[in-house]
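Coordinate inspection notes
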Amino acid sequence: MIKQEKLSELTQTDFKWFDVVDIDETDIRELKKSFKLTPEITSYVSDLNERPHYDYDEHTDSHLLVYDVPLWPTAEINHFTTRPIVFLIHEKTVFSFHTHRTNYVFEQFEGSEMHQRLQNVHDITEFVMLFLFHSTQYFQRALTQINTDRNQLDRELNNEIANRDLRELAQIEKSLVYLSSSISTNLMMLQDLGKTPLARLLTPAAFERLDDILIESKQSSQMVKISSEVTEMLSKTSNNILNNNLNDTMKFLTVWSLLLTIPTIITGFFGMNVNLPLTNNHWAWLIIIVLNIGFMIWLFIYMKNHHFI
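Figured I'd write up the structure that's included with this text.

1. Digging into the sheet that holds strand β3 (residues 53-57)
Hydrogen bonds between backbone atoms are what pair the strands of a sheet, whose relative direction is either parallel or antiparallel. An order of β1-β2-β6-β5-β4-β3 is seen for the six strands of this open sheet, with the pairing classed as mixed. The strands lining the two open edges of the sheet, one partner per strand, are β1 (2-5) and β3. On average, adjacent strands in this sheet sit at an angle of 20° to one another, irrespective of strand direction. The pairing of β3 with strand β4 (residues 62-71) spans five bridges and is classified as antiparallel. Following the sheet pairing, D57 is matched in β4 by S62. Each of β2 (16-21), β4, β5 (81-90) and β6 (93-98) is contacted by helix α5 (residues 124-159), which is oriented at about 20° to β4, the strand it contacts most. Relative to the sheet, helix α6 (residues 163-192) contacts β3, β4 and β5, its axis offset from that of β4 by approximately 155°.

This is the structure we're talking about:
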């Protein structure tokens, strides 16, 4: 669905903004017909798995920026993922392409505070950089939520480790992998942006905003690195505790299996159909029980003295 946003009342420029949500074949045909977009560009903007990058089309003098933003967990996917949003600058028109799941990035521009900031926008590149700046801040919000969830999980793991807690820890690790990958590729694209043809269009205010985006991205990159290290340490600690508990359980079962082997051996001898000592003694059963208990106590003391238990 292609929707034209009214910016003349909010900005000091005359450019147009078309927001395209969940692009389909009808939208693609309309973009090709009305705006002369090439098949290469339409393939970029319709690809949900496109990695962050910058692309310049000489035939249409169009600048395309693909930028990842985080997606919060849902009932179907229990961890953070990322999806690209795409900006296309064509003459005095800017297009934004995204899915309904990334609507939250664009809804922020409906508030009065954002309207006030848009009044200071004088150029189409300033508008795009303002968008990217606020999109970048969502990574820090996602990382803050992940750190909060991990700290809560850490407190629960200190008491008792359950399978549910380990599954939650695995979801946190998956989230960090997705966020780390997207932040890194976003940062690579931003660092190279000053060497692209788009740099000729950037105003001093847009360059200043780009520096702010780079600072935010580097902070997010550092945060996700630290969070990954802490999560990895927590995962290793949990695995060590589980392995130690398993060793204790196996040691307990081994000791008792050895102790119970003694009465099995002794009673096995007396179960044979041959003449054996004590078979005619009235107190034979009591003597055999005492022997079993005595040998079991001796074996237990022997293993304990030799640090088997």
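Right, picking up where we left off after that structure.
2. Observations concerning helix α1 (residues 25-35)
For the α-helix, the turn length of 3.6 residues means that residues three or four positions removed from each other point alike. D27, I28, L31 and F35 are the residues of α1 that are buried. Seen end-on, α1 carries its buried residues on one side only, within an arc spanning 100°. Facing away from the buried surface of α1 by more than 90 degrees, the exposed residues are E25, R29 and K33. Buried residues belonging to α1 abut β1, β2, α2 (39-45), β5 and β6. The N-cap residue of α1 is D24: its side-chain oxygen and the backbone nitrogen of T26 are 3.2 Å apart. Looking one or two residues past α1, K36 carries a phi angle of roughly 60°, positive in sign.

3. Comments concerning the pairing of β4
Counted residue by residue, β4 has 10 buried out of 10 residues, so it is predominantly covered. Counted along the chain from β3 to the antiparallel partner β4, the turn is four residues long, and its residue D61 has a positive phi close to 50°. Examined bridge by bridge, β4 and β5 share 10 bridges and lie antiparallel to one another. Within the sheet, the bridge partner assigned to H63 lies in β5 and is I89.

4. Description of the packing of aromatic side chains
Following the criterion strictly, the structure yields 17 aromatic pairs and no others. Aromatic pair F87 and F131: ring centres 5.2 Å apart, planes at 50°, arrangement tilted. With F87 in strand β5 and F131 in helix α5, the pair connects residues that are 44 residues apart, well separated along the chain. With a centroid separation of 5.7 Å and 25° between ring planes, the pair formed by W298 and Y302 is classed as stacked. Remark: Y302 and W298 occur in helix α8 (residues 284-305); sequence separation between them is four residues, near one turn of the helix. Note on W298: relative accessible area 52%, which makes it exposed. Above the plane of the ring of Y138 lies R141, whose end atom (NZ or CZ) is 4.6 Å from the centre. The ring of F133 carries the charged tip of R209 above its face, separated from the ring centre by 5.0 Å.

Conventions used here
- Position labels on residues start from 1 in each chain and follow its written sequence.
- Per-residue local features of the predicted model are confined to residues with pLDDT of at least 70, and side-chain atom pairs are confined, for both listing and counting, to 80 or more; whole-chain, interface and lining totals are unaffected and use all residues.
- The basis for every side-chain value is the complete set of heavy atoms in the structure, and neither hydrogens nor water enter the calculation.
- Here, strands pair whenever DSSP counts at least two bridges between them.
- Secondary structure elements follow DSSP: runs of H or I of four or more residues count as helices, runs of E of two or more count as strands, with numbering from the N terminus.
- Between N-to-C directions, angles cover 0 to 180 degrees, with each direction set by a line fitted to C-alpha atoms, over the stretch in contact for helices.
- Note on contacts: a residue pair qualifies if any of its non-hydrogen atoms lie within 4.5 Å across the two residues.
- Throughout, exposure labels follow a simple rule: accessible area from a 1.4 Å probe, protein chains only, divided by the maximum for the residue type, with under 20% read as buried, over 50% as exposed, and the rest as partly exposed.
- The arc refers to the directions leading from the helix axis to the C-beta atoms.
- Here a polar contact means two N or O atoms within 3.5 Å. Within protein one must be a hydrogen donor candidate and the other an acceptor candidate, and residues neighboring in sequence count only if both atoms are side-chain atoms.
- Each aromatic pair joins two rings of Phe, Tyr and Trp (for Trp, the six-membered one) with centres within 6.5 Å, and gets the label stacked for planes under 30 degrees apart, edge-to-face for over 60, and tilted for any other angle.
- A ring is scored as having a charge over it whenever the NZ atom of a lysine or the CZ atom of an arginine sits within 6 Å of its centre and within 35 degrees of its normal.

Worth remembering: the numbers are spatial, not functional.
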